Amino acid sequence: MANAAQVQRMSRLMIKTLRDDPADAETASHKLLVRAGYVRRSSAGIWTWLPLGKKVLENVSRVVREEMDAIGGQEVLLPALLPKEPYEASGRWEEYGDLLFRLKDRKGADYLLGPTHEEIFTLTVKDQCTSYKDLPVILYQIQTKYRDEARPRSGVLRGREFQMKDSYSFDTTDEGLAESYGLHRQAYQRIFERLGLDYRIVSAVSGAMGGSASEEFLAPAAAGEDTFVDCPECDYAANTEAVTAKVAPVDGSAVGEIEELDTPDTPTIEALAAHLGVPASATLKNLLVKVDGEIVAVGVPGDREVDMGKLGEHLAPAVVELVTAEDFVDRPELVRGYVGPQGLAGKAFRYIADPRIAAGTDWITGANKEGKHARNVVTGRDFEVDDYLDVVVVEPGDPCPNCGAGLRIDRAIEIGHIFQLGRKYADAFELDVLGQNGKPVRVTMGSYGIGVSRAVAALAEQTHDESGLCWPREIAPADVHVVAAGKAKQTELALEIGEQLGAAGVRVLVDDRAGVSPGVKFTDAELLGVPTIVVAGRRAAEGVVEVKDRRTGEREELTVEEAVARLSA
Ligand code: ATP
Ligand code: MG
């Protein structure tokens, strides 16, 4: 028989539900978690978890813990208050910029509140593991993280203080790392399935940087701050920044000679397209940028925008900046607004082009003369592309790189991230173990995060309805919410059902509050979102209760015996 479970009486529970949405709340999870008394704002982006909220948070943590243990993860707890030095050694003390909470101790030494713990885990393993025999190892913690987010909005979806499960794998070989990564991927799939989240796995970096080295777990939701593309026809899904168009070369041999066109006052694509009466997509736009100070031109079809984030990510760690008027001084070959790659690509600038500028395609582009454009400019004939990079903003309907169907763009919440880090931190901290041959081997690492508190909000976003929260059973603060409509007999029956269910191992919340109207109790039960609601009401004297499914609204009248048997099964 199951262990007895706690029966929580609402008359003794510290809970205050609200009828109105908090004034500053924009997202459903923010409104409902506050109104249902699960969380309260303490200060900007910092939240207090009240009794029912803490139960939900614990349930998420428990699922995460069980699945991390199942892949051989070992739970540890590292400090959140950390000295500056390791983060200085990795470069992140600076790189994090304003996101980092920095503070000083009484002696004036610098500290930070950990935003994520790669440095400290690396040092822990350096201290504990000396031989290849000590590896592989997967360490994890469920811990409070701190990030001074610019716009902490949306309640616990994006906090400045939040709960994260972070884990780190340590291996001696690339194959080992791939295996640890695969284990995490599976564990994450099991975790999000058990939590009842609808999610997609998307590659977080472009194919150019190496396939599955980093993937994000996204929960589709209107309140999400991430966008991703997915294919309605196949299983392709990717971060919008990671989409790489596949374009085949075409036969451009029939295209005539380059022709110069008089196009006065057409420095913009719109002006040019209007002047010539052609679609913007027939033109080639060349954006000039500086990459580590060197001029680079980026060619994209005239109807597309360059995604500076994507460009930056492709070229990292190089720094990408826009050109300014000064960059044109002493460079007469660069005619502002009329730049074309013909004659200049590979000479006056390195030429990066979008895959859509495939070999053989022909374009109308700048003629490198004030007020003039050129037509019949053919890729591979009139200019060469130094590097193909997909750097345009993805648009709905763009072809799927897998199957060619029109892609969709959707909003989502990032709930997890898995990442093959490689040797970056091991190099920074000289993390070696003795190899089989007695020589030191540099360790390779993976880093893996789940937003535990964010997952609570993501679940609320995906499962709520107009009446309130609607938890999946595994996560709910109780299995059954018993409402005593108000009369003494009804309360007596409600408590009795509560006792019986509790004894059978069912987690029960009994609304035995005196002086609260049945209407308020029913509204609260809907708002709190426990999956099954039992009402001891009209027919309580006959020993009959109503059993209602919170999600479907299906209701049934059952005797107490029937109800207890059904709900404890
Ligand atoms: P985001 O892009 O949303 O800021 P991130 O990519 O910076 O997140 P990671 O460093 O990958 O986040 O952290 C691992 C996980 O921690 C994320 O997948 C997310 O679920 C969670 N997380 C990150 N920042 C926050 C936050 N401010 N509040 C709540 N959860 C967060
Ligand atoms: Mg991330």
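Residues numbered from 1 in each chain as written. Chains lettered and ligands numbered in written order. Predicted model: local features only at pLDDT ≥ 70, side-chain atom pairs only at ≥ 80, totals over all residues. Heavy atoms only, no water.

**Notes on the pattern of salt bridges**
Scanning all chains against the criterion turns up 53 salt bridges. The partner of Arg423 in a salt bridge is Asp174, with the nearest N and O atoms 3.1 Å apart. Placement of the pair is Arg423 in the loop between β22 (408–422) and α9 (424–428) and Asp174 in helix α6 (residues 174–195), with a sequence separation of 249 residues. Under the relative-accessibility criterion, Asp174 is labelled partly exposed at 46%. Taken together, the shared-partner salt bridges connect Arg304, Lys310, Asp354, Arg356, Asp390, Glu395 and Asp398 into one network. (Salt bridge = Lys/Arg side-chain N within 4 Å of Asp/Glu carboxyl O. Helix = DSSP H or I, 4+ residues; strand = E, 2+ residues; numbered from the N terminus. Buried < 20%, exposed > 50% of the residue type's maximum accessible area, 1.4 Å probe, protein only.)

**Side note on the layout of surface pockets**
Of the pockets and cavities examined, the second largest pocket occupies roughly 510 Å³. What lines the second largest pocket is a set of 23 residues, among which Pro267, Lys285, Asn286, Leu287 and Leu288 lie closest to the centre. For the lining of the second largest pocket, the secondary structure elements donating two or more residues are α7 (269–276), β15 (284–291) and β19 (362–369). With 5 residues, the top contributor of residues to the lining of the second largest pocket is β15. Of the residues belonging to the lining of the second largest pocket, the class tally is 13 nonpolar, 7 polar and 3 charged. (1 Å grid on protein atoms, 1.4 Å probe; cavity = no way out; pocket = protein on both sides within 12 Å on 5 of 7 lines; lining within 4 Å. Points joined across faces, edges and corners; volume = space filled by probe spheres on them. Nonpolar A, V, L, I, M, F, W, Y, C, P; charged D, E, K, R; others polar.)

**Quick look at helix α13 (residues 560–568)**
Buried residues of α13: Val560, Ala563, Val564 and Leu567, and no others. Along the axis of α13, the buried positions cluster into a sector of 95°, meaning they face one direction only. The elements touched by buried residues of α13 are β26 (480–484), α11 (488–503), β28 (532–536), β29 (544–549) and β30 (555–559). (Arc of directions from axis to C-beta. Contact = heavy atoms within 4.5 Å.)

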